[in-house]
Amino acid sequence: MALIVQKFGGSSVANAERVMNVASIVTDTYRQGNDVIVVVSAQGDTTDDLIEKAFELNSKPSKREMDMLLTAGEQMSVALLAMAIEKIGCPVVSLLGWQAGFNTTSTYGTARIKSIKADRMKAELDKRNIVVVAGFQGINKYDDLTTLGRGGSDTSAVAIAAALHADRCQIYTDVEGVYTADPRKVEGARKLPEITYDEMLELATLGAQVLNTRSVEMAKKYNVEIEVLSSLNKASGTIVKDGSKMEKMLVRGVAKDTDVARISVTGMPNTPGVAFRLFGKLAQRKINVDIILQSVGRDGTKDITFTVSKANAEDAVEAIRSSFDLDEDAISCDTNIAKVSIVGAGMESHPGTASKMFEALFEEDINIDMISTSEIKISVLIDANDADRAVSAVHKAFLPEE
Ligand code: ADP
Ligand code: ASP
Ligand code: MG
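Per chain, residue numbering runs from 1 following the sequence as it is written. Key to labels: chains lettered from A, ligands numbered from 1, both in the order written. Selection of residues for local features in this predicted model requires a pLDDT of at least 70, selection of side-chain atom pairs for listing and counting requires 80 or more, and totals for whole chains, interfaces and linings are taken over all residues. Computation of side-chain values covers all heavy atoms of the structure but excludes hydrogens and water.

Caption draft 1: Geometry of the site of ligand 2. All residues adjacent to ligand 2 are S41, A42, T47, E74, F136, R150, G151, G152 and S153. Polar contact is the term for a pair of N or O atoms within 3.5 Å; when the atoms are in protein, one must be able to donate a hydrogen and the other to accept it, and sequence-neighboring residues count only if both atoms are side-chain atoms. One of the side-chain N or O atoms of S41 is found 3.4 Å from an oxygen atom in ligand 2. Contact distances for ligand 2 include 3.0 Å between an oxygen atom and a backbone N or O atom of S153. Residue polarity follows a fixed list, in which Ala, Val, Leu, Ile, Met, Phe, Trp, Tyr, Cys and Pro are nonpolar, Asp, Glu, Lys and Arg are charged, and the others, Gly among them, are polar. A class-by-class count of the residues in the shell around ligand 2 yields two nonpolar, five polar and two charged. A molecule or strand has a residue near it when one of that residue's heavy atoms lies within 4 Å.

Listed below in structure tokens is the structure:
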């Protein structure tokens, strides 16, 4: 008998018909003799709708109350799925995050899983129950409910698979697997039979929403192989796994991220310690900085430009204003930008990849604002209005249709 963890995202449980469909996938797996733990997300757009409801009342709700609200979405899903499974005639129990033993850090909204006390889940499996667990949530040391950040149900599933040494971890979604680019937006995007943890990690970080970044980090850390597949058909999916035995592809995929704000600070003194002071202030406010560019400006001054997520932009500007004596127009913030990236383990040993990407953009007359590279990715920052065209052009250059 195998232990199988199956996770179903919001679109897979969006309405009664879809919930019934999930119940039939789960019970088929169970009736083949397996132990099954199912992780579910909130139905359809429920999480977004709850956020909207909160903001109707208060534009700055506390993070604690936000988590109290958002965990309700997953609470509905687990109960509904359990009822659908009961209807089919299999024994089932639904559990909230805390009942499943998810202990997290205290940071509301972006809590991290500290440990999973799996006794209850194990006891339910011993009773031959199908265990349906609410994704995206846990409990902190104050006995308050916490959430793991948007898309966090993927992480819940991988964490259970790691903690219980599951034989399989299947992430069911509304596309057939991981593609070379978002299959809903890019014509010619192809399904990948497999992808390495490192490549998937980059793609997820750079905007491919199909798997949550932390879930991939965790899968890599505990060597959990993830199978990404569709809840709507039986096509084979994508395996995310260790890359040591995999063929290195020059470019495995193209991703787009529009959650980027670029902040430029001009006329800073060109003296030691300025960057340290500036980024130190941002670190104090727990603001993550992505691409950084520094250049020497006029009259012994320097200019520093960097990117943060849109949610942090206002806070970052405020942090700099309050710490440096700068002219009103010395700081600018642009949110109409996008980051387009290529990812592939093969580019490490393949010169000319960057120039080929820049050529594809040049041919589309797309201007590049900033560039950042690592061993297995190249990202460019461009005008948001050019982003879709850029993704298509770069995808065509590196991953032409076969
Ligand atoms: P779920 O609700 O199942 O968690 P998500 O909406 O979080 O699903 O993620 C699935 C979506 O990710 C797909 O519908 C697709 O549009 C998008 N996506 C973006 N990039 C990719 C990619 N490279 N491969 C597959 N899907 C992608
Ligand atoms: N419901 C949560 C969200 O919309 C978690 C998830 O879908 O994984 O972000
Ligand atoms: Mg998701």
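Anyway, onward from the coordinates.
Caption draft 2: A look at the nonpolar core. Residues belong to one nonpolar core when they are buried, are Ala, Val, Leu, Ile, Met, Phe, Trp, Tyr or Cys, and are joined through side-chain atoms within 4.5 Å. Type-normalised accessible area, obtained with a 1.4 Å probe on protein chains alone, sets the label of each residue: buried when under 20%, exposed when over 50%, and partly exposed for intermediate values. One finds I37, M121, V133, I160 and M200 to be the most contacted residues of the largest nonpolar core, which totals 43 residues. In terms of nonpolar packing, the next biggest core, distinct from the first, is built from 24 residues, V19, A23, V78 and V132 among them.

Caption draft 3: Spatial organisation of the packing of helix α10 (residues 353–363) against helix α11 (residues 387–398). The interhelical angle for the contact between α10 and α11, taken along N-to-C directions, is 130 degrees, at an axis separation of 9 Å. Between α10 and α11, the crossing angle belongs to the class labelled oblique. In this structure, the crossing between α10 and α11 has a hand that is right-handed. Contacts between α10 and α11 involve T353, K356, M357, A360 and L361 on the former and, on the latter, A390, A393, V394, A397 and F398. Orientation is described by axes fitted as lines to C-alpha atoms, over the contacting stretch for helices, and by angles from 0 to 180 degrees between their N-to-C directions. A run of H or I in DSSP becomes a helix once it reaches four residues, and a run of E becomes a strand once it reaches two; helices and strands are each numbered from the N terminus. Each angle receives one of four descriptions, namely roughly parallel if under 35 degrees, roughly antiparallel if over 145, roughly perpendicular if within 65 to 115, and oblique otherwise. Whether a crossing is left-handed or right-handed is set by the direction in which the near helix is turned from the far one by less than a right angle, anticlockwise for left-handed and clockwise for right-handed. We call two residues in contact whenever any of their non-hydrogen atoms come within 4.5 Å of each other.

Caption draft 4: Layout of the sheet that holds strand β19 (residues 370–374). Overall, antiparallel pairing links the four strands, which are arranged β13-β18-β20-β19 in an open sheet. Bordering the open sheet on either side are β13 (253–257) and β19, each of which pairs with just one other strand. Between one strand axis and the next, the sheet turns through 20 degrees on average, direction left out of account. Relative to strand β20 (residues 377–383), strand β18 (residues 337–343) is paired through seven bridges, and the arrangement is antiparallel. Bridging across to β20, I342 finds its partner in I378. On the sheet, helix α6 (residues 197–205) packs against β13, β18, β19 and β20 and is oriented at approximately 30 degrees with respect to β13. In the packing of α10 onto the sheet, contacts are made with β18, β19 and β20, and the angle to β20 comes to roughly 25 degrees. Pairing between strands is defined by DSSP: at least two bridges between them are needed.

Caption draft 5: View of the site of ligand 1. Taken together, 17 residues lie around ligand 1, and T173, D174, Y179, D182 and R184 are the ones closest in. One of the side-chain nitrogen or oxygen atoms of K7 is found 3.1 Å away from an oxygen atom of ligand 1. What sets the accessible areas is the Shrake-Rupley method with a 1.4 Å probe; for residues, cover comes only from the shown protein chains. In the complex, the protein chains occlude 87% of the 570 Å² of accessible area that ligand 1 would expose alone. A class-by-class count of the residues in the shell around ligand 1 yields seven nonpolar, six polar and four charged.

Caption draft 6: Quick look at unusual backbone geometry. If you check the backbone angles, R128 has positive phi at about 65 degrees while not being a glycine. Position of R128 among the secondary structure elements: in the loop between α4 (119–126) and β6 (130–134). Overall, R128 belongs to the partly exposed group, its relative accessible area being 28%. Within the chain, D143 stands out as a residue other than glycine whose phi angle is a positive 65 degrees. For D143, the location among the structural elements is in the loop between β7 (137–139) and β8 (145–147). D143 gets classed as exposed once you look at its relative accessible area, which sits at 61%.

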